Amino acid sequence: MHIKNILSSGKTSFSFEFFPPKTEAAAEALYATIAELEVYNPAFVSVTYGAGGSTRDLTHDLVIRLKENTTLDPIPHLTCVCHSEKEIEDILSRYSEAGVSNILALGGDPPADLENYDKKRDAFQQAADLVRFIKKFPSSGGEGFGVGVAGFPEGHPATPNRMKEMDYLKAKVDEGADYICTQLFFDNHDFYDFRERCLLAGIKVPIVAGIMPITSKGGMKRMAELAAGAKYPAKLIKALDRCADDPEAVANVGVHYATEQCADLLDNQVAGLHFYTLNRSDATREIYARLGLNKSIQAAIH
């Protein structure tokens, strides 16, 4: 389904993100997670794309499997890095033939092990260029692809100037982006400020909030690196410090904090909640239960 139709109901959307598995064991774990989360009937699920397209085929294989073997509506990520126009065209053709109707268009990061990378050789210099190209490409449904783009409530690491950051975001929307999905954040005030600045900049597409519950202290450190220096509020750090080295307590604090975040966002009319699952269902299912969302799911099933 086209993303415009998914997000046009006026109701909050709920969605999940997965990354393509690289081993047989990881694949088995992921498909178990997918089976556990499919019953929640998410509006869509997104599938990540490795730096420089390093998981290109794995991403495509997972997207097609989701499309053909589940009721889920997959939205693959697609980046500018290390791609020619012909390569992007071929990828879009494959997705169109498979009935995939939405793409998340990203600037992307080059692979850490890629030597002599020269961004100038990329066919698409900015995410806005990629959005423009995708919007002109015909999809199987006849509407063309729906396109999402990334937003950064805490600021984009490559753009310290927050005014320019909004200019770049508006350029993506002006090229046809249908919605914005944010990077993870832990202070809702950052999200609300970001949402207001979007309105001031004339950006009126739906903004979906990215949520990633902390499940371990090690994961928290990795998250800070991967998410370009995610800011952890002092009250969250204090709560985690009280857990000492108890992994169960850490996970409980992380889920509790994320649940409070989600409840507040729902109270403030967030367009959607997008859960970064890390290919596990435990935390997401627990948040659903604590928010009371399981009741509505069970009612829909029965």
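Structure shown above.
Here's what I pulled together on the structure shown here. Because the structure is a prediction, the values reported are computed rather than measured.

Let us look at the overall build of the protein chain. Looking only at helices and strands, the protein chain features 12 helices and eight strands. Its C-alpha atoms give the protein chain a radius of gyration of 19 Å, near enough to 19 Å, the size a compact globule of 302 residues would have. Viewed in the frame of its principal axes, the protein chain has a C-alpha envelope of about 50 × 45 × 40 Å. A burial count over the protein chain gives 50% of its 302 residues as buried. Taking all contacts inside the protein chain whose residues are at least 6 apart in sequence as the whole, residues at least 24 apart take part in 79%.

Here we take up the packing of aromatic side chains. This model, assessed by the stated rule, comprises 11 aromatic pairs. With a centroid separation of 6.3 Å and 35° between ring planes, the pair formed by Phe137 and Phe145 is classed as tilted. Residue Phe137 shares its accessibility class with Phe145, and that shared class is buried. Ring geometry for Phe185 and Phe191: centres 5.4 Å apart, planes at 15°, overall stacked. With respect to burial, Phe185 and Phe191 carry one shared label: buried. By the ring-pair criterion, three or more aromatic residues cluster together here, those being Phe14, Phe16, Tyr40, Phe275 and Tyr288. Geometry around Tyr31 places Arg65 over its ring, the cationic atom sitting 3.5 Å from the centre.

What follows covers the sheet that holds strand E4 (residues 102-106). Overall, parallel pairing links the eight strands, which are arranged E1-E2-E3-E4-E5-E6-E7-E8 in a closed barrel. Recorded for the sheet is a direction-independent mean angle of 30° between the axes of neighbouring strands. Pairing between strand E2 (residues 44-47) and strand E3 (residues 74-79): three bridges, direction parallel. When the sheet's bridge partners are listed, Ser46 is paired in E3 with Ile75. In the packing of helix H5 (residues 127-136) onto the sheet, the strands contacted are E3, E4 and strand E5 (146-151), and the crossing angle to E4 comes to about 160°.

What follows deals with the pattern of salt bridges. Evaluated as defined, the whole model comprises 10 salt bridges. Its salt-bridge partner being Asp178, residue Lys135 comes within 3.1 Å of it at the nearest N-O pair. On the criterion of sequence distance, the pair formed by Lys135 in helix H5 and Asp178 in the loop between helix H6 (162-174) and strand E6 (179-184) is long-range, its members being 43 residues apart. A residue is classified by how much of its surface remains accessible, and Lys135, at 26% relative accessible area, is partly exposed. The partner of Asp190 in a salt bridge is Lys231, and the shortest N-O contact between them spans 3.5 Å. Note that Asp190 is positioned in helix H7 (residues 188-200) and Lys231 in the loop between helix H8 (217-226) and helix H9 (234-241), a separation of 41 residues in sequence.

In this section: the packing of helix H3 (residues 56-69) against helix H4 (residues 85-97). Relative orientation of the contacting elements H3 and H4 amounts to 15°, with a least axis distance of 11 Å. Comparing the axis directions of H3 and H4 gives the class roughly parallel. Helix-helix and strand crossings are classified by hand; for H3 and H4 the assignment is right-handed. Contacts from Arg56, Asp57, Thr59, His60 and Val63 of H3 reach H4 at Glu87, Ile91, Arg94 and Tyr95. Considering only residue class, the contact of H3 with H4 consists of three nonpolar, two polar and four charged.

Below, the discussion takes up the nonpolar core. Membership of the largest hydrophobic core comes to 58 residues, with the highest contact counts inside it found for Leu92, Ile134, Ile180, Leu265, Leu273 and Phe275. In terms of nonpolar packing, the next biggest core, distinct from the first, is built from 28 residues, Phe152, Leu184, Ala230 and Leu240 among them.

The end-to-end C-alpha separation of helix H2 (residues 24-38) is 21 Å, in line with the 21 Å expected for 15 residues at 1.5 Å each. Residues of H2 that are buried: Ala27, Leu30, Thr33, Ile34 and Leu37. All buried residues of H2 fall inside an arc of 125° around its axis, so they share one side. What points out from H2, more than 90 degrees from its buried face, is the exposed set Glu24, Ala25 and Glu28. The inward-facing, buried residues of H2 contact strand E1 (13-18), H3 and helix H11 (282-291).

Let us look at H3. Over its 14 residues, H3 runs 20 Å from end to end, which matches the ideal 20 Å to within 8%, given 1.5 Å per residue. Next to the buried residues of H3 lie E1, H2, E2, E3 and H4.

This part takes up the environment of Gln126. The residue Gln126 is located in the loop between E4 and H5 in this model. Given the relative accessible area of 48%, Gln126 is considered partly exposed. Leaving out residues up to four positions away in the same chain, Gln126 has contacts with Cys80 and Lys119.

The rules we used
Residues numbered from 1 in each chain as written. Predicted model: local features only at pLDDT ≥ 70, side-chain atom pairs only at ≥ 80, totals over all residues. Heavy atoms only, no water. Helix = DSSP H or I, 4+ residues; strand = E, 2+ residues; numbered from the N terminus. Rg over C-alpha atoms; globule rule 2.2 N^0.38 Å. Buried < 20%, exposed > 50% of the residue type's maximum accessible area, 1.4 Å probe, protein only. Contact = heavy atoms within 4.5 Å. Phe/Tyr/Trp six-rings, centres within 6.5 Å; stacked < 30°, edge-to-face > 60°. Lys NZ or Arg CZ within 6 Å of the ring centre and 35° of its normal. Pairing = 2+ DSSP bridges. Axes fitted to C-alpha atoms, helices over the stretch in contact; angles between N-to-C directions. Salt bridge = Lys/Arg side-chain N within 4 Å of Asp/Glu carboxyl O. Parallel < 35°, antiparallel > 145°, perpendicular 65-115°, else oblique. Left-handed = near helix turned anticlockwise from the far one by under 90°. Nonpolar A, V, L, I, M, F, W, Y, C, P; charged D, E, K, R; others polar. Core = buried A, V, L, I, M, F, W, Y, C linked by side-chain atoms within 4.5 Å. Expected span 1.5 Å × (residues − 1). Arc of directions from axis to C-beta.

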